[in-house]
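Here is how the chains run, residue by residue.
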Amino acid sequence: MRYERQIIIDGWGTGGQEKLKKSHVGIAGIGGLGSPAAIYLAAAGVGRLSICDYQDLEISNLNRQVLYITDDVGKSKVQAARQHLTALNPEIDVIAHEEPVSSENIADIFGDCDLIVDCLDNPETRLIINEYCVKQSIAFVHAGVREFYGQVMLINPPLTPCLACFFDAGGFADDGPIPICGSTAGVLGSLEANLAQRWLMGMEPGSDGVFFSVDLTTMEINRIEMTKNPDCPVCG
Ligand SMILES: [Zn+2]
């Protein structure tokens, strides 16, 4: 009954639902992008979610981090997230990792995952995830968000370009809080969940390796077909 309305989608069926139930998805960062991504993956019945974040909830997070309530301020995000996601869907396992992702611990946190969702807010950790996923041939969904703009891409090594093929970590100036409209993070995090669950069920793979640039001031989504960079330091 819980999944009735999605099982009746053409191409989903009980077969797709069983695939989601058997899937293990890692979510790196459980903030503005991670909240909607985790909510929709949990609600859809992904059997295991490994969530990772090291921060406590601050009141300024609440304009976009819709997994939390005001009473959670000051609490560990992953612990509060685990509680809310389990309350949303008690049929799934939520594993909480309260630590920053590093190249030393990433295999312990996400080594068993079928797919990782990048919901981070810093380029350095994104590139750690990218490098790990390329080495282990694990698919991951990248997204980023700022103001009313965002980007999302499913990276499936070794078939698609990787993040380091085109991502310049040095291009980001760290000059204070990133301005973000909460609903923009909601759209991009939801797109991540959508790409992830379709990939897990083996549905139409036409979006693998396509960079989607989203502009919510004009409601335009641009598809950019990325190509592998032969000089990429990670996958080249
Ligand atoms: Zn690459």
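See the structure printed just above.
All values derive from a computational prediction rather than experimental measurement.

Conventions adopted
- Residues numbered from 1 in each chain as written.
- Predicted model: local features only at pLDDT ≥ 70, side-chain atom pairs only at ≥ 80, totals over all residues.
- Heavy atoms only, no water.
- Donors = N, O, S within 2.8 Å, 3.2 Å for Na, K, Ca; no water.
- Tetrahedral: all angles 85-135°; square planar, octahedral: opposite > 155°, others 65-115°.
- Phe/Tyr/Trp six-rings, centres within 6.5 Å; stacked < 30°, edge-to-face > 60°.
- Helix = DSSP H or I, 4+ residues; strand = E, 2+ residues; numbered from the N terminus.
- Buried < 20%, exposed > 50% of the residue type's maximum accessible area, 1.4 Å probe, protein only.
- Contact = heavy atoms within 4.5 Å.
- Expected span 1.5 Å × (residues − 1).
- Polar contact = N/O pair within 3.5 Å; in protein donor to acceptor, adjacent residues only side chain to side chain.
- Salt bridge = Lys/Arg side-chain N within 4 Å of Asp/Glu carboxyl O.

### What about the coordination of the zinc ion?
In ideal tetrahedral geometry, four donors around a metal make angles of 109.5 degrees, whereas ideal octahedral geometry with six donors gives angles of 90 or 180 degrees.
Part 1 of the reasoning: At 2.3 Å from the zinc ion lie its protein donor atoms, namely Cys162 (SG), Cys165 (SG), Cys232 (SG) and Cys235 (SG).
Part 2 of the reasoning: Coordination geometry of the zinc ion: the 4 donor atoms subtend angles of 94 to 123° at the metal centre, consistent with an arrangement described as tetrahedral.

### Considerations on the packing of aromatic side chains
Part 1 of the reasoning: Evaluated as defined, the whole model comprises 1 aromatic pair.
Part 2 of the reasoning: Between Phe166 and Phe211, the ring centres sit 5.6 Å apart and the planes meet at 85°, which makes this aromatic pair edge-to-face. A residue pair is termed long-range when its members are at least 10 positions apart, and Phe166 in the loop between β6 (149-155) and α7 (182-200) and Phe211 in strand β7 (residues 210-215) qualify at 45 residues.
Part 3 of the reasoning: With relative accessibility at 28%, the residue Phe166 sits in the partly exposed group.
Part 4 of the reasoning: Phe211 sits in the buried class, given a relative accessible area of 13%.

### Details of the side chain of Thr184
Part 1 of the reasoning: Inspection of the secondary structure assignment puts Thr184 in helix α7.
Part 2 of the reasoning: Sequence-distant contacts of Thr184, that is, excluding residues within four places in its chain, are made with Val145, Glu147, Phe148, Tyr149 and Leu216.

### Topic: helix α6 (residues 123-136)
Part 1 of the reasoning: With 14 residues, α6 extends 20 Å between its outermost C-alpha atoms, agreeing within 8% with the 20 Å of an ideal straight helix rising 1.5 Å per residue.
Part 2 of the reasoning: Those residues of α6 that fall on the buried side of the exposure criterion are Pro123, Thr125, Arg126, Ile129, Asn130, Tyr132, Cys133 and Val134.
Part 3 of the reasoning: Packing partners of the buried residues in α6 comprise β1 (24-28), α5 (106-110), β4 (115-118) and β5 (139-146).
Part 4 of the reasoning: The residue sitting at the N-terminus of α6 and contributing the capping side-chain oxygen is Asn122; that oxygen lies 3.4 Å from the backbone nitrogen of Glu124.
Part 5 of the reasoning: Phi turns positive, to about 50°, at Ser137, one or two residues after α6.

### Observations concerning the pattern of salt bridges
Part 1 of the reasoning: Under the criterion given, the structure shown has 6 salt bridges.
Part 2 of the reasoning: With a closest N to O distance of 3.2 Å, Arg48 and Asp112 form a salt bridge. Taken as a pair, Arg48 in strand β2 (residues 48-52) and Asp112 in the loop between α5 and β4 lie far apart in primary sequence, 64 residues in all.
Part 3 of the reasoning: Residue classification places Arg48 among the partly exposed positions, given a relative accessible area of 33%.
Part 4 of the reasoning: As a salt-bridge pair, Asp118 and Arg126 come within 3.0 Å of each other at their nearest N and O atoms.
Part 5 of the reasoning: Owing to a relative accessible area of 0%, Asp118 belongs among the buried residues under this scheme.

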